Amino acid sequence: MKSLARNEIANGAECLRQGILGGDLKIDDISQDLFTDVLQVYPTHPVDLLIRTSQTYRLSDFLLWQSSEGILHFIEHEWPELTFWDLWSGIFKFQRNQHKLVQLKQKIKDSFLHDEDSKERQKNFLDKLRERRWSEIENETNN
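Everything numeric in this text was worked out from a predicted model, so none of it was measured.

Some details on the confidence of the model for the protein chain
Interpreting fine coordinate detail is not advised for predicted regions of low pLDDT. Looking at the protein chain, pLDDT values average 88 and 97% of them are 70 or higher. By mean pLDDT, the top-scoring element of the protein chain is helix α1 (residues 5-21) (94), and the lowest-scoring one is helix α3 (residues 84-110) (89).

Some words on the side chain of Q122
With respect to the helices, strands and loops of the structure, Q122 is situated in helix α4 (residues 116-142). Residue Q122 is classed as buried on the basis of its relative accessible area, which comes to 13%. Setting aside residues up to four positions removed in sequence, Q122 forms contacts with L25, D29, S31, L34 and H114.

A short note on unusual backbone geometry
Phi angles above zero are rare outside glycine, and Q55 is one such case at about 55°. Structurally, Q55 is set in the loop between β1 (49-52) and β2 (71-74). In this model, L63 sits at a positive phi of 50°, which is unusual for a non-glycine residue. Summarising the element assignment, L63 is placed in the loop between β1 and β2.

Re a nonpolar patch on the surface
A contiguous nonpolar surface patch, about 520 Å² in accessible area, is contributed by F84, W85, W88 and F92. Its place among the elements puts W85 in helix α3.

A look at the pairing of β2
On β2, burial follows the alternation: I71 and H73 on one face are buried, whereas L72 and F74 on the facing-out side are not. Taken together, the four bridges between β1 and β2 define a ladder with parallel strand orientation. For R52, the partnering residue across the bridge sits in β2 and is F74.

Criteria and thresholds
- Residues numbered from 1 in each chain as written.
- Predicted model: local features only at pLDDT ≥ 70, side-chain atom pairs only at ≥ 80, totals over all residues.
- Heavy atoms only, no water.
- pLDDT = per-residue confidence, 0-100.
- Helix = DSSP H or I, 4+ residues; strand = E, 2+ residues; numbered from the N terminus.
- Buried < 20%, exposed > 50% of the residue type's maximum accessible area, 1.4 Å probe, protein only.
- Contact = heavy atoms within 4.5 Å.
- Patch = residues over 30% accessible without salt bridge, like charges linked within 9 Å, V, L, I, M, F, W, Y side chains within 5 Å.
- Areas by Shrake-Rupley, 256 points an atom, 1.4 Å probe, with all protein chains shown as cover.
- Salt bridge = Lys/Arg side-chain N within 4 Å of Asp/Glu carboxyl O.
- Pairing = 2+ DSSP bridges.

Take a look at the structure:
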């Protein structure tokens, strides 16, 4: 099965649901940062600038969560014909809009303030999750 962004988001939500049902998390522990940490492409940094080539004005189910707060820049050229000026126009667009991006990220971060108990539960949950995922990878490679 392909690793599509929609599958990744659904699996992340299911992972958090299991954490709550298993008593490892409380509903109030859920935040965007925690959700980001349970995604399959963890660890990852948010996408600040996503450049899409070839006159395609969609993301094609690619890094939907990671690029949700980023600047999207669409270019008419195909990838092999990408020029320095195409890249520069994307960087310039990012620079023009970066202050809006910073404000948005801070506003979102401020909306999820957690106490020390919540942070500890989140850390323990993520440690267990990573351990389980490594075990699954090891089992797959040994079979």
